[in-house]
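Examining the three-dimensional arrangement
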Amino acid sequence: MGKPEKKEENEKISIEKAIEKTGYVLEHKVASMLEKENWSVIHNRYYLDDVTELQREMDMIAYKTLLLEDDVMLFTALIISCKKNSEFDWVFLTRKAPGMNVNINMLPVNFSSNVEVFNYQISEIDWSKEKFIKKYDSNSLINKMYNYNRVVFAYQEIKKSNNAPSNDSNIYSSIASLIKAQAYEVSSLKDGRKKDQKYIYNINLLSVADLNFHELHYEDDKVTTTEINRINYLNRFLISSQEQHYKIDFIKFDSLKSVIEEYDTLHKWNINFCKTLSKDFFANVFNDYKKKTFIISKTKSQYLELVKLCYQQETGISKDFTFLLLEKDKNVLNINVSDIEAENERLNLNERLRIKTAEWLKNNFKYSGRFTFAEDLFPF
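What comes next is a walk through the structure. (Residues numbered from 1 in each chain as written. Predicted model: local features only at pLDDT ≥ 70, side-chain atom pairs only at ≥ 80, totals over all residues. Heavy atoms only, no water.)

Describing helix α5 (residues 129–136)
- Within α5, the full set of buried residues consists of Lys129, Phe132, Ile133 and Tyr136. Each buried residue of α5 lies within a common arc of 95° when the element is viewed along its axis, so the set occupies one face. Residues of α5 that are exposed and point over 90 degrees away from its buried face: Glu130, Lys131, Lys134 and Lys135.
- In this structure, the buried side of α5 is in contact with α6 (141–145) and α8 (256–282). (Buried < 20%, exposed > 50% of the residue type's maximum accessible area, 1.4 Å probe, protein only. Helix = DSSP H or I, 4+ residues; strand = E, 2+ residues; numbered from the N terminus. Arc of directions from axis to C-beta. Contact = heavy atoms within 4.5 Å.)

Some points on the nonpolar core
- Grouped together as the largest cluster of nonpolar side chains are 46 residues, with contacts concentrated most on Val30, Leu34, Ile80, Trp269 and Phe273.
- Broken down by secondary-structure element, the contributors of at least two residues to this core are α2 (24–36), β2 (55–67), β3 (72–84), α4 (116–124), α5, α6, β8 (198–210) and α8.
- Considering each element in turn, this core owes the most residues, 10 residues, to α8.
- Membership of the second largest hydrophobic core comes to 31 residues, among which are Ile179, Tyr201, Ile203 and Leu211. (Core = buried A, V, L, I, M, F, W, Y, C linked by side-chain atoms within 4.5 Å.)

Digging into the pairing of strand β15 (residues 370–373)
- Here β15 shows a buried face lined by Phe371 and Phe373 and an unburied face lined by Arg370 and Thr372.
- Relative to β15, strand β14 (residues 332–336) runs parallel, the two sharing 4 bridges. Among the inter-strand pairings, Ile335 is bridged to a residue of β15, identified as Phe373. (Pairing = 2+ DSSP bridges.)

So, the packing of aromatic side chains
- Summed over the entire model, instances satisfying the criterion amount to 26 aromatic pairs.
- Consider the rings of Phe286 and Phe365, whose centres lie 5.1 Å apart with planes at 20°: the pair is stacked. With Phe286 in the loop between α8 and α9 (289–315) and Phe365 in helix α11 (residues 351–365), this pair connects stretches of sequence that are 79 residues apart.
- With a centroid separation of 5.5 Å and 85° between ring planes, the pair formed by Tyr311 and Phe321 is classed as edge-to-face. Placement of Tyr311 in helix α9 and of Phe321 in the loop between α9 and β13 (325–329) is noted, with a sequence separation of 10 residues between them. Across the pair, exposure class does not vary: Tyr311 and Phe321 are buried alike.
- Ring-pair connections join several aromatic residues into one group, and the members of that group are Phe111, Phe118, Trp127, Phe132, Tyr136, Trp269 and Phe273.
- Sitting above the plane of the Tyr146 ring, Lys247 keeps its charged end 4.8 Å from the centroid.
- In this arrangement the basic side chain of Arg354 is found over the ring face of Phe371, its NZ or CZ atom lying 4.4 Å from the centre. (Phe/Tyr/Trp six-rings, centres within 6.5 Å; stacked < 30°, edge-to-face > 60°. Lys NZ or Arg CZ within 6 Å of the ring centre and 35° of its normal.)

Looking at the sheet that holds β14
- The strand order β13-β14-β15 describes an open sheet built from 3 strands, whose pairing is mixed. Bordering the open sheet on either side are β13 and β15, each of which pairs with just one other strand. Taking the axes of each pair of neighbouring strands and ignoring which way they run, one obtains an average angle of 25° across the sheet.
- Alignment of β13 against β14, held across 5 bridges, turns out to be antiparallel. Following the sheet pairing, Glu327 is matched in β14 by Asn334.
- Strand contacts of α11: β13, β14 and β15, with the helix running at about 125° to β15, the strand carrying the most contacts. (Axes fitted to C-alpha atoms, helices over the stretch in contact; angles between N-to-C directions.)

Following this line, the structure appears as structure tokens:
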């Protein structure tokens with residue numbers, strides 16, 4: 001009676017061992033570690049390859065989120081490729097590259113957002129690494145995560161049994177799947193979110209491998225071989241006919257716990273960074289012509305329609321208001337939509353317009369102070 005049970009047990013063990021040779025158990029372990037640290041995990045994300053038009057699969061996406069002011073959802077996202085192979089090691093060939101920063105963006109921090117003020121601030125930032133770190137990286141986290149004192153110029157799989165070079169297909173596959181998955185996720189954000197939901201995504205690419213990493217560093221005629229746990233790979237890629245810069249964080253599975261802690265810290269950094277950009281934008285917005293004009297250009301038409309409607313309901317007169325000027329005079333904001341004194345008096349007495357204007361100023365300028373409708377104080 002015991003023999004059939006023993007046979008079934010042996011079959012079960014052999015099946016488990018067969019599955020362990022694949023990367024699926026590794027995916028489970030990686031996901032479990034992330035979930036333990038309160039990351040949400042999505043498995044087996046599918047997307048369409050824009051070159052081959054074949055369906056591809058990304059191993060997992062992990063993310064943390066926080067609701068910021070003005071109902072903006074901030075996501076720190078990790079797109080993760082998992083690889084396992086007991087027969088091969090991965091070898092990264094590196095060298096010093098003094099001219100690298102001339103040809104490649106050394107700080108490819110990826111933010112995708114539909115928040116116009118955030119996008120404006122991002123576009124105005126000096127992204128040269130030294131200046132960015134000096135202004136926004138007081139704890140040196142970004143400097144650590146985007147460190148390229150050595151550049152990976154090639155990579156190979158090496159068979160452990162005889163140290164024979166195999167090829168780079170699995171490493172390249174990990175890189176290609178990550179950057180294509182990121183391109184797909186970014187392009188699908190607009191259609192994938194709720195209609196009126198405001199969002200900011202910071203996306204990071206990780207290749208987690210349950211195998212050994214080696215670095216061969218070449219300098220002049222010398223080569224130094226070192227066993228490593230982690231290395232950054234930075235390069236340019238052509239995605240959807242556009243050249244883009246990417247950083248891949250290659251991580252040995254044994255070191256993943258400490259790396260997750262680092263990305264936890266990155267999420268906190270993202271929160272502070274987004275809050276800082278918002279605070280900097282609105283701190284002196286009425287005295288900054290460029291910022292003020294930017295917001296007016298986005299909201300002018302809708303606001304002037306509101307002024308027209310309120311004025312018509314009050315007076316029975318249909319009038320088109322065509323310009324909008326804002327000037328801060330001490331503690332009062334002057335709103336100029338008309339140069340006729342009598343019209344401004346009526347606008348100031350219109351209670352509905354004043355309530356709606358207060359909402360418009362708070363939502364778009366973070367302003368809750370006094371305001372008045374007045375003709376232009378500075379006509380020349």
